[in-house]
Amino acid sequence: MSKEAADATGVDTTDPRVARREKLRRIGETGIDPWGSRFDERSMVEDVRRLIPQIKYRLPDGTEIDTPNMVNSGGSVDYRTWKSEQNAAAGGNGEEIGPQVRVAGRIMLMRPTGKLIFLNLRDWTGEIQIFIGKNQVGEEAFELAKLFDLGDLIGVDGRLGWTNTGELTVFAEQLHFHTKMLEPAPDKHAGLHDPDLRQRMRYADLAFNDGVREVFLDRTRIVKSIRQTLDSQRFVEVEGPTLHAIAGGAAARPFKTHHNALDMPLFMRIALELHLKRLMVGGIERVYELGRVFRNEGVSPRHNPEFTMLEAYQAYGDYGTMMELTEQIISNAIEAIGGGMVRKFGDQEVDFTPPFARRSYDDLILEHTGVDPADEGAMRALAKQLGLETANRHADVIKNEIFEEKVEDLLVGPVFVIDYPASMCPLTKRKVDQPEVAERFELFICGMELANAYTELNDPDLQEQLFRTQLQGLSEEDSMAHMDHDFVRALRYAMPPAGGLGIGIDRLVMLLTGQRSIRDVILFPLLRPETFES
RNA sequence: GAAGGUGUAGCUCAGUCGGUAGAGCAACGGACUUUUAAUCCGUAGGUCCUGGGUUCGAGCCCCAGCACCUUCACCA
């Protein structure tokens, strides 16, 4: 048994948790519900700041003048000096007047100085200083204020005004206790740094770390903007099934699950594609889904097992249409969060001003390797030189490995890589005059694959044949040759020629908000479960 | 799955050559009615990730395990 410190009431003071529970108890003793209740007609901090013009200085003769632009609020005026000048000119002491406001939020900082306490109160729109003076709020309320801890949720009624140092402040007249935080607050300046804690306890990360909420609010703005861009072009948003009997539409390992009542194996979807195309057969000529897909693969700063995809399909379009749509989606999203078309990502700078560059797959290989991609022998030799596996592999597979090895990382972009080898793209229409080339693009930015689009294959017989054709050099698990008879039947009911687009939303948010890890743009990324003692 | 890194007070982090466990913030007590990460005085707080081993002696060295980070692998 370790020795325990105790305050006058015999309570252990070494553990902040114990101290907080003791304060909770004392608050309850005063008759106040420490878990709060409905609190109507409060203002958001953002809106309170808009009331600044209503703060006036009333001179002895009754005239009211605007308060100046303070040092602490971006201006240059020292309030004390300004007031004494005004008073001297008026021949008497004036008085500041300001609007009544009601705010609520979390206590982020506390600066008690004897019989007054300064607080920084934060709600989800911003932070504002609160002044609590013993003489101003009364003995009882001041005793309550002494039981406040960092992280507690409180409400304040008071007058909006300036302190002598020119800080916008709510001068408290009435205090309301809303909720006690029972856990110790993170470091008030450094916040939570440990990435494990930040991800596990995203609530604390959001509450106490600067900039985190802004990233996730930007994510919401980006997603909303994408919907607006598509909706304004008469795309219809739909919700496809997430449980699939056949995990198709991409080459990825699915999560397996099981339906008990039907005793049926199921897969979590790995793509949205095949159901959206069925809907185009049904006549929804412009259709999209913004939804979660699941891929049973490793995690990395760019991969989370569940992530958000946009897929959009436009009848009578092609991959060129999809390039234009992609440019609109991205530039509108940037406009929605502000900050300009030129953005920094790590030490790279990316100019998102459309139109984006368009470069052919083969040209890029030639440019970055100096080897002719049409020369299969030379490609194989280069692959061997790079230490890549070449035996029994299709020439296009080898070429693609070379592309991934030598080209992808260098594409700062944004650049549309166009015209892929047809054998790599079983859901893609071939060029009429070049059947070995597929009408497909991938959009690369900062070495990341951000979007993928095709002129969609709508020939049911060819589609069936491609499903049946096991690609050389790919295992069954790695190929997308999972026959989906119903999908082929759907094509037989006539799917219009169309362009289709997929965008990785998480990666887009990463790029636009400057976050280096996908886990910083996903609220609750996958983690191993924490072990709790109980 | 592989390699490297990290794990020390509630939080952020130091910890020398292997020799009694440290700071700032938070907490507790005190002073302070215009502070800005308030300041000042004082007090308390440790399963040094877990389990083994080497050693007279381990936060530090060795082995195994766990979690996270990075790179790689997997990844249309």
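Before reading further, recall that the structure is shown in the block above.
First, a word on what this report is: a plain description of the structure on this page. None of these values were measured; they are calculated from a predicted model.

### Some remarks on the packing of aromatic side chains
At step 1: Summed over all chains, the structure comprises eleven aromatic pairs.
At step 2: Here the aromatic residues Tyr361, Phe403, Tyr420 and Phe444 are joined through ring pairs into a cluster of three or more.
At step 3: Directly above the aromatic system of Tyr420 lies the positively charged group of Arg440, at a separation of 4.4 Å from the ring centroid.
At step 4: We note Arg516 situated over the ring of Phe345; from NZ or CZ to the ring centre the distance is 5.5 Å.

### What to know about helix H9 (residues 273–281)
At step 1: What H9 keeps buried is the set Glu273, Leu274, Leu276, Lys277, Arg278 and Met280.
At step 2: The positive-phi residue at the C-terminal boundary of H9 is Gly283, with phi of around 105°.

### Brief notes about the sheet that holds strand E2 (residues 64–66)
At step 1: Across the sheet, which stays open at both edges, the three strands sit in the order E2-E1-E3 with antiparallel pairing between neighbours. Bordering the open sheet on either side are E2 and strand E3 (95–97), each of which pairs with just one other strand. On average, each strand axis in the sheet is inclined to that of its neighbour by 35°, with strand direction left out of account.
At step 2: Taken together, the three bridges between strand E1 (residues 56–58) and E3 define a ladder with antiparallel strand orientation. Bridging from a neighbouring strand, Lys56 pairs with Ile97 of E3.
At step 3: Strands E1, E2 and E3 of the sheet are contacted by helix H3 (residues 79–90), whose axis makes an angle of about 35° with E1.

### Comments concerning the pairing of strand E8 (residues 168–179)
At step 1: Within E8, nine of the twelve residues are buried, leaving the element largely enclosed by the surrounding structure.
At step 2: As paired elements, strand E6 (residues 126–133) and E8 share three bridges and run parallel to each other. In the strand pairing of E8, Phe131 is matched with Phe171.
At step 3: Pairing analysis gives ten bridges linking strand E7 (residues 153–162) to E8, with the strands arranged antiparallel. Across the sheet, the residue bridging to Gly161 is Thr169, located in E8.
At step 4: Here E7 folds back onto E8, and the loop between the two strands holds five residues, one of which, Gly166, carries a positive phi near 85°.

Rules used in this analysis
- Note that residues are indexed from 1 along each chain, following the sequence as it is written.
- Naming scheme: in the order in which they are written, chains are lettered from A and ligands are numbered from 1.
- Confidence filtering applies because this is a predicted model: local features only for residues at pLDDT of at least 70, side-chain atom pairs given and counted only at 80 or more, and all residues used for totals across whole chains, interfaces and linings.
- Only hydrogens and water are removed before side-chain values are computed, so all heavy atoms of the structure are retained for them.
- Pairing of aromatic rings covers Phe, Tyr and Trp, the last through its six-membered ring, and needs centres within 6.5 Å; plane angles under 30 degrees mean stacked, over 60 mean edge-to-face, and all others mean tilted.
- A positively charged side chain is recorded as over a ring if its NZ (Lys) or CZ (Arg) lies within 6 Å of the ring centre. The angle to the ring normal must also be within 35 degrees.
- Only protein chains enter the accessibility calculation, which uses a 1.4 Å probe; a residue is then buried when its area is under 20% of its type maximum, exposed when over 50%, and partly exposed in between.
- Strands here are runs of E lasting at least two residues and helices are runs of H or I lasting at least four, both read from the DSSP assignment and numbered beginning at the N terminus.
- Think of it this way: DSSP has to see at least two bridges between two strands before they count as a pair.
- Angles here are taken between N-to-C directions and fall from 0 to 180 degrees, while the axes themselves are lines fitted to C-alpha atoms, restricted in helices to the stretch in contact.
- Contact criterion: two residues are considered in contact whenever any of their non-hydrogen atoms come within 4.5 Å of each other.

Shape is all these values report; function is a separate question.
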